Every structure is written in C-alpha cells, then in structure tokens.
Amino acid sequence: MKKLLVICVMWVSALSMHAQKFALVDMDYIFKNIPAYERANEQLNQVSKKWQAEVEAIQIEAQTMYKNYQNEVVFLSQEQKKTKQDAIVAKEKEAADLKKKYFGPEGELFKKRSALMTPIQEEVYNAVKDIADLRGYQLILDRASDSGIIFGSPKIDISNEVLSKLGYSN
C-alpha cells in the first residue's frame, strides 16, 4: 500500500512539473461581436432567401402545369399528353438543377459563404494563435463546439482577449 502511495505521489509530481497551459474560447461569442461577421451572415441570408424564392417559383410553375394537365388530360391526344408531360418533367428538372446550382455542396451559396467568412475566420484564428504563442498555451478549446466540455472556468476563457486583439471592444 505504501509503495502504491509513493508511486501516485511521484506520478502527480511528474504531471505537475510538465503541466501544459490551456485556455477556452467561445467562438460563437467572438463572431457575434464582430460586425463584419454579422453583416456577412445577413448578406448570406438575403441571398439565400432570394435564391430560394426563385427555386420555389419554378416549382410552383411545375405544379400548376401538372394541375392543368390533370384537368385537361381527358381532352388531349396521346401526342399532346406526351408533349405536356415532357414539359412538366423539364420544368421540374429546371427547378432541381437550379436548387443544386444554388444550394448544392459546391453551389453558389457555399462559394459565397467561403468568400465572405473565410477571411474573418482566418483573422480570428491568427489572433487566437498569437495569444497562444504569447501566453504559452499548448491547447485552446472552443467551448461553443460540441467537444464535450462540461465546465470551463471563466478564468481561462480568452474570448474577450481575442476580441481586443482584433480591435473590438467587449
């Protein structure tokens, strides 16, 4: 038992000698306090709503074409049916293609978000890195992410310091 206690004390001593410094940041808080980030978000929301309205207008047009087709189907020849069906399918494809163009994984919204947000995110990252280098932090965690942090002391939160370094008052 005595030997185990000595080993535990030595282990704790070794850990404390090589203790690493760490800090927390709240990226949500930081970004909410950067006006350029909020403006970029608003711009993205407006563009997204505009593009969504365009897609919905074409989808409504396709639905209207289909309803009209259903009402007229008994009066149409086979050739006319085929022509109207092809037109409806083409309109639905147009809506799907436009949706993919705007909102797909490599779509316009993704490109616009990258163009607007990446410079701001890089600026914040560089400020965090500068503070880490200055203070000797080996690890900085984002308390806003889903990283499993249950508690983080406000004493080690450097979010306000990051904002100050970026030139924003808190």
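See the structure shown above.
Scope of this entry: the structure provided in the associated data block. Quantities reported herein were computed from a predicted structural model and do not represent experimental measurements.

About the cut-offs
Residues numbered from 1 in each chain as written. Predicted model: local features only at pLDDT ≥ 70, side-chain atom pairs only at ≥ 80, totals over all residues. Heavy atoms only, no water. Helix = DSSP H or I, 4+ residues; strand = E, 2+ residues; numbered from the N terminus. Buried < 20%, exposed > 50% of the residue type's maximum accessible area, 1.4 Å probe, protein only. Contact = heavy atoms within 4.5 Å. Axes fitted to C-alpha atoms, helices over the stretch in contact; angles between N-to-C directions. Parallel < 35°, antiparallel > 145°, perpendicular 65-115°, else oblique. Core = buried A, V, L, I, M, F, W, Y, C linked by side-chain atoms within 4.5 Å. Phe/Tyr/Trp six-rings, centres within 6.5 Å; stacked < 30°, edge-to-face > 60°. Expected span 1.5 Å × (residues − 1).

### Structural notes on the overall build of the protein
Turning to step 1, where the next piece is worked out: In terms of regular secondary structure, the protein is built from 6 helices and 2 strands.
Turning to step 2, where the next piece is worked out: Reading the secondary structure of the protein in the N-to-C direction produces α-β-α-α-α-α-β-α.
Turning to step 3, where the next piece is worked out: Within the span of the protein, comprising 170 residues, buried residues form 24% of the whole.
Turning to step 4, where the next piece is worked out: Partitioning the contacts of the protein with sequence separation of at least 6, the portion at a separation of at least 24 is 76%.

### Things to note about the packing of helix α3 (residues 35-72) against helix α5 (residues 108-135)
In a pair of packed helices, the angle between the axes and the distance between the axes together describe the arrangement.
Turning to step 1, where the next piece is worked out: Contact pair α3 / α5: the axes reach a minimum separation of 10 Å and the direction vectors enclose 175°. Judged by the angle between their axes, α3 and α5 are roughly antiparallel. Facing α3, whose interface residues are Ala-36, Tyr-37, Ala-40, Asn-41, Gln-43, Leu-44, Val-47, Ser-48 and Trp-51, α5 presents Glu-108, Leu-109, Lys-112, Arg-113, Leu-116, Met-117 and Ile-120.

### Thoughts on the nonpolar core
Turning to step 1, where the next piece is worked out: Ranked by internal contacts, the top residues of the largest apolar core, which has 29 residues, are Ile-30, Phe-31, Ile-34, Val-124, Ile-158 and Val-162.
Turning to step 2, where the next piece is worked out: Residue assignment for this core shows that the elements contributing at least two residues are β1 (22-25), α2 (27-32), α3, α4 (78-103), α5 and α6 (159-166).
Turning to step 3, where the next piece is worked out: With 8 residues, α5 is the largest single contributor of residues to this core.

### Details of the packing of aromatic side chains
Turning to step 1, where the next piece is worked out: Scanning the model with the defined rule gives 3 aromatic pairs in all.
Turning to step 2, where the next piece is worked out: A centroid spacing of 4.2 Å and a plane angle of 15° characterise the contact between Phe-31 and Tyr-37, whose relative ring orientation is stacked. Across the pair, exposure class does not vary: Phe-31 and Tyr-37 are buried alike.
Turning to step 3, where the next piece is worked out: Between Trp-51 and Tyr-102, the aromatic rings sit 4.5 Å apart at their centres with planes inclined by 5°, giving stacked as the arrangement. Residue Trp-51 is found in helix α3, and its partner Tyr-102 is found in helix α4; the two are separated by 51 residues along the sequence. For the pair Trp-51 and Tyr-102, one class covers both residues: buried.
Turning to step 4, where the next piece is worked out: An aromatic cluster of three or more residues is present, and its members are Trp-51, Tyr-102 and Phe-103.

### Overview of the environment of Asn-68
Turning to step 1, where the next piece is worked out: With respect to the secondary-structure elements, Asn-68 resides in helix α3.
Turning to step 2, where the next piece is worked out: Measuring from C-alpha to C-alpha, the distance between Asn-68 and Lys-84 comes to 9.6 Å, with 16 residues separating the pair along the chain.

### Regarding α4
Turning to step 1, where the next piece is worked out: When the terminal C-alpha atoms of α4 are compared, their 37 Å separation across 26 residues agrees well with the 38 Å that a helix rising 1.5 Å per residue should span.
Turning to step 2, where the next piece is worked out: Here α4 has its buried residues at Ile-88, Lys-91, Ala-95, Leu-98 and Tyr-102.
Turning to step 3, where the next piece is worked out: Those residues of α4 hidden inside the fold are in contact with α3 and α5.

Treat this as a map of the structure, not an account of what it does.
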